[in-house]
Amino acid sequence: MMLRKLGAACLRANAPKGRALHVTALNELHKELGGKMVPFAGYELPVQYSGEKGGVKAEHLHCRNENGAALFDVGHMGQIYWYGADRLEFVEKMVVGDIAGLGAGEGRLSLITNEDGGIIDDTVISNKGDSLYMVVNGACKYGDMEHFDKYLAEFTGDCTYEYHHTQNLVALQGPASAAVLQRLVGDQIDLTRMAFMTTTEATIAGAECGVTRCGYTGEDGFEISIPEAHAVTVATALLEQSEVEPAGLGARDSLRLEAGLCLYGNDIDGTTTPTEAALTWTIGGPKSRRRKEQGFTGAEKFLTPEGKIKATTRKRVGIAGHKSPARAGTEVFSADGETKIGELTSGTFGPSLDAPCAMGYVAKDHSKDGTDVMLNVRGKMQAATITKMPFVESRYYRVPE
């Protein structure tokens, strides 16, 4: 119970007051590196950096470069640890995925749902052996904890959580990320044997860190949890490697969109079900335990008692082929331009594609790959096509057999 109360106390103490913004432990380092600071999720974070290698396009392309790695500050995100003999039972009431099936050191993406089957947040959950490690979105973390507290008050089992607000988080992403990190961890970890979506611990630049092989770019990479007091030292050690350049929110957004990944608040929210968002794979296949047993909040809103997916009227899709970038809120019409069939939720110019790309929701009968549509871009109709995502090939690491 004490740990659960600590989480709620942190919620109150760390929520932004009025117009004040939080800063991460790397705030001054960003400014020294030429970061252009902007408000995001209640924090002041760099959208891009100045200089010859700075700017959204350059930072994006460096992250995809075969000899490159990009370092992102994701210290705004929430890091939560779950404890207690019944932690699996409780967490599986909160999320849709098979958490009990995770082996030690394994993790997976899951969704936190509300009573209506809507998505409160997306989260990566890892099995740390004596605890569960959950990373949630920065803009959602306080609301997530309020949601957990509501259900914990009714839960009679042994389960508590602790919000680790003094841990910073950085993401090292790109083809060269493993070579860079291997150099710094030495023989503590053999990264050639570390699979995607697994987690471990290592000492980096004198700091005890958590290391998870995951990311938000479609590239190989790692999220590194660092004690706040050592964050600058570890980040500096990473940036001193010749392959590494800092990258901001702008590149992070274009990279994740090319990779077909959702941005919470744009592409998914509390009114969006996993079915509409094309994310039912996070629950498991038709014969999986979670589809059969369910038991998570709002399951009956989009699953039948037998575990079949209920029909929906709209679906999240990728859209490409249009000539100029179309942003969130752009209306999508049928190919003849007569009937509105949906709306974009994200859109940008994809530097790796050298072309615009977007995602959004359209009526299900227009959601098939290859369907022609029209976009109303700033008052002018543009032809586009429903396209499978990701827009670029994912390069998540696979351990050689």
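Above this text you will find the structure in question.
Everything numeric in this text was worked out from a predicted model, so none of it was measured. (Residues numbered from 1 in each chain as written. Predicted model: local features only at pLDDT ≥ 70, side-chain atom pairs only at ≥ 80, totals over all residues. Heavy atoms only, no water.)

### Focus: the sheet that holds strand β13 (residues 221–227)
Consideration 1: Taking strand neighbours across the sheet as the criterion, the six strands line up as β11-β12-β13-β10-β4-β14 in an open arrangement whose pairing is mixed. Looking along the sheet, the strands with just one partner apiece sit at the ends: β11 (199–204) and β14 (244–246). Each strand axis lies, on average, 30 degrees off the axis of its neighbour in the sheet, ignoring direction.
Consideration 2: Where strand β12 (residues 207–212) meets β13, three bridges bridge the pair, whose relative direction is antiparallel. (Pairing = 2+ DSSP bridges. Helix = DSSP H or I, 4+ residues; strand = E, 2+ residues; numbered from the N terminus. Axes fitted to C-alpha atoms, helices over the stretch in contact; angles between N-to-C directions.)

### Description of the sheet that holds strand β6 (residues 107–113)
Consideration 1: One open sheet holds the five strands; their spatial order is β6-β7-β8-β5-β9, and the pairing between them is antiparallel. Single-partner strands in this sheet number two, and they are β6 and β9 (160–163). On average, each strand axis in the sheet is inclined to that of its neighbour by 30 degrees, with strand direction left out of account.
Consideration 2: Summarising the sheet, β6 and strand β7 (residues 119–127) pair through seven bridges and their orientation is antiparallel. Looking at the pairing, R108 lines up with I125 of β7.
Consideration 3: Contacts between helix α5 (residues 141–152) and the sheet are confined to β5 (78–83), β6, β7, β8 (132–136) and β9, with β9 contributing the most and set at about 165 degrees to the helix. (Contact = heavy atoms within 4.5 Å.)

### So, the packing of helix α3 (residues 56–64) against helix α8 (residues 249–258)
Consideration 1: Running from amino to carboxyl end, α3 crosses α8 at an angle of 55 degrees, the nearest separation of the two axes being 8 Å. For the element pair α3 / α8, the angle class is oblique. The element α3 and its partner α8 pack so that their crossing is right-handed. Taken together, the residues of α8 that come into contact with α3 (itself represented by V56, E59, H60, C63 and R64) are G250, A251, S254, L255 and E258.
Consideration 2: Looking at the contact of α3 with α8 residue by residue, the class counts come to four nonpolar, three polar and three charged. (Parallel < 35°, antiparallel > 145°, perpendicular 65-115°, else oblique. Left-handed = near helix turned anticlockwise from the far one by under 90°. Nonpolar A, V, L, I, M, F, W, Y, C, P; charged D, E, K, R; others polar.)

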